[in-house]
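Next come the chains, spelled out residue by residue.
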Amino acid sequence: MDHTTVQPIYKKPFKKKMYPYFFIMPFAALVLVFFVLPAIATIAMSFTDLNASMKPKFVGLQNFTRVFSDYNLPAILWNTAIFSILSLSVSLLFALIISIATQYFLKGKITAVIYRVLWLIPSIIPAVVYVTFWKYIFDPTEGGLINRILLQLGVESDPVSWFSKAAMGIVILATVVSTISGGMILLSAAINSIPEDLYKAARVDGASEKSVIMKIILPTLKWPLMYITISELIGFVSSYFFIMLLTNGGPMRDTTTLSLYAYQQAFNLKYYGYGAAVSLIVVIISFILTLLFLRLFDFDQMIKPSRIED
Amino acid sequence: MKKLVVTALSVVLSTGLLAGCGSGNEPAEATSAGEAKMKEIQISVRESTWGARKDNFIEAEKRLNEELKADNVHVKIDWWPGIGDDELILQAQAGKVADIFMNSSVDIGWELNAGIIRDVDWVKDSKVFKNVPDSYTNIMKYDGHYYGAIQDMDASPVFISRKALEGLSWTKEQIDGLRQRVDSGDFTFGDLEKLAEEAKQKNLVKMGFAVEDTRFEGWNYAFGNYNYNVDENKMVLTKKTKDVYEFWADAVKRGIINESIGDVDTDKAAPMFVKGEIFAEFARTEFYQMMREANGMQNDLEGFNTWFNKNIVWIPIPSAEKGGKPVSYSNPAMIYVGPTVDDEKMPYVQRLIEHVLDPDLQINHTLVSGKLPVTPEAQEDKRFKEMDFYKDHAYLLEFTKTRPAQPDYATYTKSYILGVDAILTKGQSAEQAYELFQKDAKQNVPSDHLIIEQ
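Values in this document were obtained by computation on a predicted structure and should not be read as measured data. (Residues numbered from 1 in each chain as written. Chains lettered and ligands numbered in written order. Predicted model: local features only at pLDDT ≥ 70, side-chain atom pairs only at ≥ 80, totals over all residues. Heavy atoms only, no water.)

Engineer: Got a minute to help me understand the overall build of chain A in this structure?
Structural biologist: When helices and strands are tallied, chain A shows 15 helices and zero strands. For 310 residues, the compact-globule estimate of 2.2 N^0.38 gives 19 Å, and the C-alpha radius of gyration of chain A, at 26 Å, exceeds that figure by more than 25%. In terms of principal-axis extent, the alpha carbons of chain A reach across some 105 × 70 × 30 Å. The proportion of buried residues among the 310 residues of chain A is 40%. Relative to all contacts within chain A whose residues are 6 or more apart in sequence, the contacts with residues 24 or more apart total 67%. By element, 71% of the accessible surface of chain A is carried by carbon and sulfur atoms, the whole surface being about 18200 Å². When the 24 basic and 17 acidic side-chain charges of chain A are each reduced to a single mean position, those positions are 8 Å apart. (Helix = DSSP H or I, 4+ residues; strand = E, 2+ residues; numbered from the N terminus. Rg over C-alpha atoms; globule rule 2.2 N^0.38 Å. Buried < 20%, exposed > 50% of the residue type's maximum accessible area, 1.4 Å probe, protein only. Contact = heavy atoms within 4.5 Å. Areas by Shrake-Rupley, 256 points an atom, 1.4 Å probe, with all protein chains shown as cover. Lys, Arg positive; Asp, Glu negative; His and termini not counted. Charge placed at Lys NZ, Arg CZ, Asp CG, Glu CD.)

Engineer: Hey, could you run me through the confidence of the model for chain B in this one?
Structural biologist: Residue and element names in this part refer to chain B. For chain B, the mean per-residue pLDDT works out to 88, and 92% of the residues sit at or above 70. The model gives residues 4-9 a pLDDT under 50, and that stretch makes zero contacts with residues more than four places away or in other chains. When the criterion is pLDDT under 50, residues 11-34 qualifies, and its contacts beyond four places in sequence or with other chains add up to 19 contacts. Scoring the predicted complex yields pTM 0.84 and, for the interface, ipTM 0.80. (pLDDT = per-residue confidence, 0-100.)

Engineer: Help me understand the domain arrangement of chain B in this model?
Structural biologist: Many analyses report the size of an interface as the accessible area lost when the parts associate. Assigned domains of chain B: these are domain 1 (25-150 + 333-373), domain 2 (154-214 + 262-329) and domain 3 (224-258 + 407-454). Of note, the centres of domain 1 of chain B and domain 3 of chain B, computed from C-alpha atoms alone, are 36 Å apart. (Domains from an automatic or database assignment.)

Engineer: Teacher, can you tell me more about unusual backbone geometry here?
Structural biologist: Leave glycine aside and you will find that most residues have negative phi; peptide bonds, for their part, are mostly trans. Looking along the chain, the bond that leaves G250 of chain A and enters P251 of chain A is cis, with omega of 0°. By secondary structure assignment, the location of P251 of chain A is in the loop between helix 12 (241-246) and helix 13 (258-268). Not every positive phi belongs to a glycine, and N72 of chain B is a case in point at roughly 60°. Following the sequence through the fold, N72 of chain B ends up in the loop between helix 2 (53-68) and strand 3 (73-80). Even without a glycine there, the phi angle at N227 of chain B is positive, about 60°.

Engineer: Just to check I follow, could you spell out the UniProt feature "domain: ABC transmembrane type-1" (unreviewed entry) in chain A for this structure?
Structural biologist: The UniProt record marks residues 77-293 of chain A with the feature "domain: ABC transmembrane type-1" (unreviewed entry), using the residue numbering of this structure. Taken end to end, residues 77-293 of chain A is 79% helix and 0% strand, and its first and last C-alpha atoms sit 19 Å apart. (UniProt positions renumbered as here; feature names shortened; annotations may be inferred.)

Engineer: What is the right way to read helix 11 (residues 240-253) of chain B from this model?
Structural biologist: Residues and elements named next belong to chain B. Look at helix 11: 20 Å from first C-alpha to last across 14 residues, which is about the 20 Å you get at 1.5 Å a residue. When helix 11 is considered as a whole, its buried residues turn out to be T241, K242, V244, Y245, F247, W248, A249 and A251. Buried residues along helix 11 sit against helix 9 (189-201), strand 9 (207-211), helix 10 (217-222), helix 20 (409-426) and helix 21 (430-444). (Expected span 1.5 Å × (residues − 1).)

Engineer: So what exactly am I meant to see when it comes to the UniProt feature "transmembrane region" (unreviewed entry) in chain A here?
Structural biologist: Residue and element names in this part refer to chain A. According to UniProt, the positions carrying the feature "transmembrane region" (unreviewed entry) are residues 21-47, 76-101, 113-133, 166-191, 225-246 and 271-297. Across residues 225-246 one finds 91% helix and 0% strand; the C-alpha atoms that close the span lie 29 Å apart. The span residues 271-297 is 93% helix and 0% strand, and its two end C-alpha atoms sit 39 Å from each other.

Engineer: Hey, could you run me through the pattern of salt bridges in this one?
Structural biologist: Side chains carrying opposite charge are able to pair once their charged atoms draw close together. Residue and element names in this part refer to chain B. A complete count under the given rule lists 42 salt bridges over all chains for this structure. The salt bridge involving D343 is made with R118; its shortest N-O contact spans 3.4 Å. Taken as a pair, D343 in the loop between strand 15 (333-337) and helix 15 (346-356) and R118 in the loop between helix 4 (108-113) and helix 5 (134-140) lie far apart in primary sequence, 225 residues in all. When the shortest N-O distance is used, the salt bridge between E286 and K371 registers 3.3 Å. Taken together, the residues span a long stretch of sequence, with E286 in helix 13 (residues 286-294) and K371 in the loop between helix 16 (359-369) and helix 17 (376-379) at a distance of 85 residues. For K371, a relative accessible area of 5% corresponds to the buried category. Where salt bridges share partners, they join D154, E212, R215, R284, E286 and K371 into one cluster. (Salt bridge = Lys/Arg side-chain N within 4 Å of Asp/Glu carboxyl O.)

Engineer: Would you take a moment to explain the interface of chain A and chain B for this structure?
Structural biologist: With 28 residues of chain A at the interface, the matching set in chain B holds 30 residues. Interface area for chain A against chain B, summed over the two sides, is near 2600 Å², with a carbon-plus-sulfur share of 52%. In this assembly, chain A and chain B are joined by six salt bridges. The salt bridge involving E259 of chain B is made with K165 of chain A; its shortest N-O contact spans 2.6 Å. (Buried area = accessible area lost by both parts, 1.4 Å probe.)

Engineer: Sorry if this is basic, but what is going on with the nonpolar core here?
Structural biologist: One broad trend across soluble globular proteins is that nonpolar side chains are buried collectively. Residues F129, F159, M291 and F308 of chain B are the most contacted members of the largest nonpolar core, which totals 86 residues. Of the residues forming this core, the biggest block, six residues, is contributed by helix 15 of chain B. Counting contributing residues, this core receives three or more from each of domain 1 (25-150 + 333-373) and domain 2 (154-214 + 262-329) of chain B. Contacts of F308 of chain B, omitting those with residues within four sequence positions, involve F159, Y288, M291, W314 and F389 of chain B. Within the second largest apolar cluster, 68 residues are counted, among which are V67, F236, L258 and L269 of chain A. (Core = buried A, V, L, I, M, F, W, Y, C linked by side-chain atoms within 4.5 Å.)

Engineer: Is there a simple way to explain the packing of aromatic side chains in this structure?
Structural biologist: The geometry of an aromatic ring pair is captured by the separation of the ring centres together with the interplanar angle, meaning the angle of the planes. Tallied over the full model, the rule gives 50 aromatic pairs over all chains. Judged by centre distance (5.0 Å) and plane angle (65°), the ring pair of F209 of chain B and F282 of chain B falls under edge-to-face. Highlighted residues: F209 of chain B in strand 9 and F282 of chain B in strand 12 (residues 278-282), separated in sequence by 73 residues. A single burial state applies to F209 of chain B and to F282 of chain B, both of which are buried. Relative to W219 of chain B, the ring of F216 of chain B has its centre 6.1 Å away and its plane inclined at 15°; by these criteria the two rings are stacked. Here the aromatic residues F159, F273, F287, Y288, F304, W307, F308, W314, F389 and Y390 of chain B are joined through ring pairs into a cluster of three or more. Residue placement shows R66 of chain A over the ring face of Y271 of chain A; its charged tip is 5.9 Å from the ring centre. Taking NZ or CZ as reference, K270 of chain A lies 4.6 Å from the ring centre of W110 of chain B, over its face. (Phe/Tyr/Trp six-rings, centres within 6.5 Å; stacked < 30°, edge-to-face > 60°. Lys NZ or Arg CZ within 6 Å of the ring centre and 35° of its normal.)

Engineer: I keep staring at a nonpolar patch on the surface and nothing clicks. Help me out?
Structural biologist: A cluster of nonpolar side chains, F27, L30, V31, L32, V33, F34, F35, V36, L37 and I40 of chain A, forms an exposed patch at the surface whose accessible area comes to about 980 Å². Within the element layout of this structure, V31 of chain A appears in helix 1 (residues 14-45). (Patch = residues over 30% accessible without salt bridge, like charges linked within 9 Å, V, L, I, M, F, W, Y side chains within 5 Å.)

Engineer: Please clarify how the sheet that holds strand 17 (residues 450-452) of chain B should be interpreted in this entry.
Structural biologist: The strands that make up a sheet are held in pairs by hydrogen bonds between backbone atoms, and each pair lies either parallel or antiparallel. Residue and element names in this part refer to chain B. The strand order across the open sheet formed by three strands is 10-11-17, and the pairing between neighbours is mixed. A single partner strand is all that each edge strand has here, and the edge strands are strand 10 (228-229) and strand 17. Helix 21 contacts strand 11 (234-237) and strand 17 of the sheet and is inclined by roughly 150° relative to strand 11. (Pairing = 2+ DSSP bridges. Axes fitted to C-alpha atoms, helices over the stretch in contact; angles between N-to-C directions.)

Engineer: What am I meant to see in the side chain of S161 of chain B here?
Structural biologist: Tracing the chain through its elements places S161 of chain B in strand 8 (residues 158-161). Those residues in contact with S161 of chain B, other than ones at most four positions away along the chain, are F273, I278, F279 and N311 of chain B.

Right under this line is the structure:
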């Protein structure tokens, strides 16, 4: 006779099972409506000749063929690369310098707080106001700040047309100044999480400031640096707003990036199908870059649990 | 308690949803105690408050309702703020196009293709539009039908610094007689360039020519380069464009045009011109109001007119050819009617639009916007006749050209401006600019919308 008693299996009540989904549902619905559906619509649109008439016809890969035969494409890709790489490098470097300076060298000092707050201002100003400020600085008439200074100092006799001569530089400068704060906050938080004992131990061992930065701080920043690099790079590759407001891609197409080109085709010229195809290429480029950087930062290794937890 | 809250919330939400789903545009039967049933017609109007546009619609509504009292009909305007083209397209997709809306005359082509306008062939027989010049009729017509009612108009004079001309030893008689010489074709575009160059060389001004935003049409038209074949409704890639590029390249070399010409917004150009820093500003009649503001004389019309006559002289854009006719361009606003307006509602929509064009209302708009009235009756208005500046411009409307309503016009213009940019910022020759323009236009303007002249 079998005396083993069967333990009743615990069944989670249906209500409890559904709890997590109730919490997820509103946000999932928002993501579906505002991200997933538009993305599907964009993909579908890119295979049509949709324009202002709103009578789309399926054209297969015609839009993509057109993108790759567009004589502007090499120049636009080059602009996108220059804008993204320079913006990312400068923004990352400054964010790193500022966070090390304020969170390590000036840690706990009021000047550090003020300095960080100052860098936050550009990112909280509405974009249109922010761009107006840069436009005023580089105004091509005597009313522009830089031109006024140069004329008063006698360096120039006529106002300089900055947006013709250094458009890409201005665009990168304005973009970098407004994006530094994002990286600065994340890196500062990461540096702040380093236990004070580590610094003390290093100093007892006679470590120089350089060694502390190179051997303690920078290795700690690998995660946030990876996150900032990937998120900002995707942001720069797909950003067009500042460029549109500052130069609208000019002079000629000197500051036209791929995403601005997509915007112009879709919304200025009303070639929605073609614009969607260009924007899909932006997405593909961003995706490839993300994979590349995950590999570069050795993402698999980073997410492996540490041995102590084995 | 919980049930009560849930029930109350459901009622509120359902009511809100139902209210939101209703179109609100259907004619309603308005009743009040002791009165016979009054038919109410609701007309949705979508436009900005710029100038006197909104005020004129409200006044037109009042006037129309006075007339409709006898018929026991009441028209009610449902005002929506003006929005951009993209929102207009989306509203059309949602079946929410306003009954009446305004847009540029250049938009007829794509609006018709998108199905967001309907024909307004009543314009042909309307008393209001009976006496407008043929050029206006051409703007309102597209593909054999009337699709818009012209709302306002402007002309594009060249404002010249009188002080600079005096600095070049021009006498008062010479200056005052300049317009007549332009009208007769005696004074050409080249002559104007020479004057600007001389004024710049003598340091009388800092800039030779300035232009409103990137509205370069005037210079195209001066060289007889119209780029559009009205019969085939196609853009034209013509070698005449090279002549215009040659002017640009030459003007840059001679210092008449600065490379920043496209970057100096009109609101910045106005104070510069008022200070006498620009020799000639190619703008539209609206620039008169901008100068008034730049002078701080918004409330002193008499004082401004005195200043204007002492400091400025204006001419139509001279022809590039000796003996040629001057030119002028405009970007007029049109009143469009949405496709949901049926034949039953159309008479009320028509009468409302006709009232908006009542002579006195047109002049109200002119006074605040600087735009010109479109009907000869409005130009007879006492207040208009008292405004020398606008009154003297009325004759320009006879030959003022407008942008074509071809749907790919914007693409074509982008290619054209690319060539101009190449000259301005890269020092390219007219030949190189033309090559670039040709390459860009051929690539981007659909081939069935483009005529390539050999």
